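Observations on chain architecture
So the chains spell out like this:
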Amino acid sequence: MPQKLSLDELNRLDVSAYKSAEKFPYVFVLDDIRSMNNIGSAFRTADAFRCAHVYLVGITAQPPHREISKTALGADESVDWTYFETAEACHELLKAQGYQVYCIEQVDQSISLQDFKPAGESKYAFVFGNEVFGVNDYWIEAAAGSLEIPQFGTKHSLNVSVTMGVVAWDFVSKSQL
């Protein structure tokens, strides 16, 4: 019968080793995310899939905060992050650093996630928007494009933290360190 692995057997990195480990060439941009549980989950997902950085924008809360830490489980300490008051300021930095920006949003010209093919040496910034209103129009107009996760049920969206996990796994599974 299969046995669950112990924490030691999982052979995970400690925070120091994680910080110096090579990251996949993508970042998360959390624009006006209102739920601190979703923010904490974003950090935990970013850690799990070695995201290079998390950018917090607008009303998105910042660590340290008890409500973020509750779901981050320490990932708010392992993953590097930066806060910007405005989307414009964050976008300027991403452009200067050579990121291709993609919104995760349902728009008329979105690319289905399974059809997204990351270019070998490119760096990507994935923008996730507010839980109610989605990605704001500034990002949609400024981005290289929008990616959409195909869905087949009655609901028109996924929770933003679930979406981050799907996008991160898809990107990492198509990339190499």
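Residues numbered from 1 in each chain as written. Predicted model: local features only at pLDDT ≥ 70, side-chain atom pairs only at ≥ 80, totals over all residues. Heavy atoms only, no water.

Below, the discussion takes up the sheet that holds strand S3 (residues 81-84). Hydrogen bonds along the backbone pair up the strands of a sheet, which may run parallel or antiparallel. Within the open sheet, the seven strands sit side by side as S3-S2-S1-S6-S4-S7-S5. Their pairing is parallel. Unpaired on one side and paired on the other, S3 and strand S5 (111-112) mark the two borders of the sheet. Sheet strands touched by helix H3 (residues 36-48): strand S1 (24-31), strand S2 (51-57) and S3. Its angle to S1, the strand with the most contacts, is close to 180°. (Pairing = 2+ DSSP bridges. Helix = DSSP H or I, 4+ residues; strand = E, 2+ residues; numbered from the N terminus. Contact = heavy atoms within 4.5 Å. Axes fitted to C-alpha atoms, helices over the stretch in contact; angles between N-to-C directions.)

All told, the structure shown has 14 aromatic pairs when counted by the stated rule. Measuring from ring centre to ring centre gives 5.4 Å for Phe-116 and Tyr-124, while their planes differ by 85°; the resulting arrangement is edge-to-face. With a relative accessible area of 3%, Tyr-124 lands in the buried category. Relative to Phe-171, the ring of Phe-126 has its centre 5.6 Å away and its plane inclined at 70°; by these criteria the two rings are edge-to-face. (Phe/Tyr/Trp six-rings, centres within 6.5 Å; stacked < 30°, edge-to-face > 60°. Buried < 20%, exposed > 50% of the residue type's maximum accessible area, 1.4 Å probe, protein only.)

With that settled, consider unusual backbone geometry. Between Pro-63 and Pro-64 the backbone carries a cis peptide bond, its omega angle lying at -5°. Within the secondary structure, Pro-64 is located in the loop between S2 and helix H4 (66-72). One non-glycine residue, Asn-11, lies in the positive phi region at around 55°. Positionally, Asn-11 belongs in the loop between helix H1 (7-10) and helix H2 (15-20).

For helix H8 (residues 160-173), spanning 14 residues, the distance from its first C-alpha to its last is 20 Å, which sits close to the expected 20 Å at 1.5 Å a residue. Within the span of H8, buried status applies to Val-160, Ser-161, Thr-163, Met-164, Gly-165, Val-167, Ala-168, Asp-170, Phe-171 and Val-172. Against S1, H3, strand S4 (99-104) and strand S6 (123-128) lie the buried residues of H8. (Expected span 1.5 Å × (residues − 1).)

Within the secondary structure, Ala-119 is located in the loop between S5 and S6. Taking relative accessible area as the criterion, Ala-119 reaches 38% and is therefore assigned partly exposed. On a C-alpha basis, the gap between Ala-119 and Lys-174 in space is 9.6 Å, while along the polypeptide they are 55 residues apart.

This brings us to the UniProt feature "domain: tRNA/rRNA methyltransferase SpoU type" (unreviewed entry) in the protein. Mapped onto the present numbering, the UniProt feature "domain: tRNA/rRNA methyltransferase SpoU type" (unreviewed entry) falls at residues 27-168. Structurally, residues 27-168 comprises 35% helix and 24% strand, and the distance from its first C-alpha atom to its last is 9 Å. (UniProt positions renumbered as here; feature names shortened; annotations may be inferred.)

Buried within helix H6 (residues 87-96) we find Ala-87, Cys-90, His-91 and Leu-94. Mapping the buried residues of H6 onto a view down its axis gives an arc of 100°, with all of them on the same face. Against S1, S2, S3, S4, S6 and helix H7 (137-142) lie the buried residues of H6. Residue Gly-98 follows H6 closely and has a positive phi angle near 80°. (Arc of directions from axis to C-beta.)

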